[in-house]
Amino acid sequence: SKEEMEQRVRKIKADLGTKLFIPGHHYQKDEVIQFADAVGDSLQLAQISAKNKAAEYIVFCGVHFMAETADILTTDEQTVILPDMRAGCSMADMADIHQTERAWGKLQQLFGNTIIPLTYVNSTASIKAFVGRHGGATVTSSNAHKMVEWGFTQKERILFLPDQHLGRNTACDLGVGLDEMAVWDPHKDELIFDGSIEKIKVILWKGHCSVHENFTVENIKEVREQYPEMKIIVHPECRREVVELSDDNGSTKYIIEAIQKAEPGTSWAIGTEMNLVKRIIHDHPDKKIISLNQNMCPCLTMNRIDLPHLLWSLENIVEGKENNIIKVDAETSKYSILALERMLERA
Ligand code: 13P
Ligand code: SF4
């Protein structure tokens, strides 16, 4: 039963003590988050993992790229485990290293040595290593502005991987015009742009988050009609039109804090992942809160980490047969750490 499983997890956690560390992303289910030693967004979890030198086992409740980042930032003696290997991220999978190498070759032909690559942390370790090798850095939704500004101090142009929406929304906020942005289509190996090629400052990789793309202009119209007084706040992984029509936008951490700061009695429609929206609703009974898409939008891969998988991972550790170890090879680690450190120094 659920209670038995919870009891087992509690017992193993108590037995292993500081040998075990469980980071949990805000989008994880409550049944898992209740056991997390730290809850945070992707940047916070990367920073916390980097600081924790005591834990022998890091059982990462999040998705594959987050566990990879934790492995890159921790020591060789620490073992990172992902409770379900199917917990990937469709956005990270949209930029593969071969496509990226091909794109880079073509972009060098078009623009010469004027481009710096930046990648959202929601990307594979190979992409982070590619970016690190070419002088670039990682970014997350909570420091994207700062990192894009930094990018422009290094080079005239930025290649932003793999989320076109976070890239476009950030560049727009910094005053880059839509006619100064192009989109790289990795399936057609083609640069898509409207104006003149000389004007291009930001090249957006054609990737997206399938969860945040579910929030639409139609949803905004419905909310505005039904609840005229309601404020709309969305994650910058949403499309440009959606972000533009919203009252506010920001990272997971920003959204949580915005609702915390809001006056009692105010009402909010939130455009982000379902588990987090549910938790915010639960934590703020004094405010009216709904999901911007009233169907709620779960991240199916985040949800693969559940109580049975968490327990299974922990029992494996106890029995000395750890499974689902996330190990980034030394060469990839060496370069991806450069990209991560360039961000962590500035974030
Ligand atoms: P943040 O945690 O950086 O807001 O990212 C959101 C996300 O989609 C994580 O997968
Ligand atoms: Fe990937 Fe989107 Fe899920 Fe985050 S919410 S893990 S970006 S698919």
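Residues numbered from 1 in each chain as written. Chains lettered and ligands numbered in written order. Predicted model: local features only at pLDDT ≥ 70, side-chain atom pairs only at ≥ 80, totals over all residues.

1. Topic: the UniProt feature "binding site: iminosuccinate" (unreviewed entry) in the chain
Phase 1: As annotated in UniProt, the feature "binding site: iminosuccinate" (unreviewed entry) corresponds to H25, S42, Y120, V121, N122, S141, H235, P236, E237 and T252 in the numbering used here.
Phase 2: Looking at the secondary structure, you find V121 in the loop between β6 (115–120) and α6 (125–133).
Phase 3: Every residue in contact with V121, bar those within four places of it in the chain, is listed here: S42, A46, F65, T69, T138 and T140.
Phase 4: Taking the number of C-beta atoms within 10 Å as the measure of exposure, N122 has 28 and is therefore buried.
Phase 5: If we ignore the near neighbours within four places in the chain, the residues touching N122 are S42, F65, C89, M91, A92 and D163. (UniProt positions renumbered as here; feature names shortened; annotations may be inferred. Helix = DSSP H or I, 4+ residues; strand = E, 2+ residues; numbered from the N terminus. Contact = placed C-beta atoms within 7 Å. Buried ≥ 20, exposed ≤ 12 C-beta atoms within 10 Å, placed from the backbone.)

2. Concerning the pairing of strand β9 (residues 181–185)
Phase 1: One ladder, built from four bridges, connects β9 with strand β11 (residues 202–205); its direction is parallel. Looking at the pairing, M181 lines up with V202 of β11.
Phase 2: Sheet topology note: the β9/strand β10 (residues 190–192) ladder contains three bridges and is antiparallel. Residue pairing in the sheet places V183 in a bridge with I192 of β10.
Phase 3: Linking β9 back to β10 in an antiparallel pair, the connection comprises four residues, with D189 at a positive phi of about 50°. (Pairing = 2+ DSSP bridges.)

3. Topic: the nonpolar core
Phase 1: Counting 99 residues, the largest nonpolar core has F60, L118, F160, I203 and I270 as the members making the most contacts within it.
Phase 2: Sorting elements by how many residues they give to this core places helix α4 (residues 64–73) first, with six residues.
Phase 3: For I203, the residues in contact, after removing those within four places along its chain, are L107, R157, L159, F160, A182 and W184. (Core = buried A, V, L, I, M, F, W, Y, C linked by C-beta atoms within 7 Å.)

4. A look at the sheet that holds strand β12 (residues 231–234)
Phase 1: Spatial strand order, β13-β12-β14-β15: four strands in an open sheet with parallel pairing. At either end of the open sheet lies a strand with only one pairing partner, and these are β13 (248–249) and β15 (288–291).
Phase 2: Here strand β14 (residues 267–271) runs beside β15; their pairing, made up of four bridges, is parallel. Paired with A269 across the bridge in β15 is I290.
Phase 3: Contacts from helix α12 (residues 274–283) reach β14 and β15, with the element oriented near 170° to β15. (Axes fitted to C-alpha atoms, helices over the stretch in contact; angles between N-to-C directions.)

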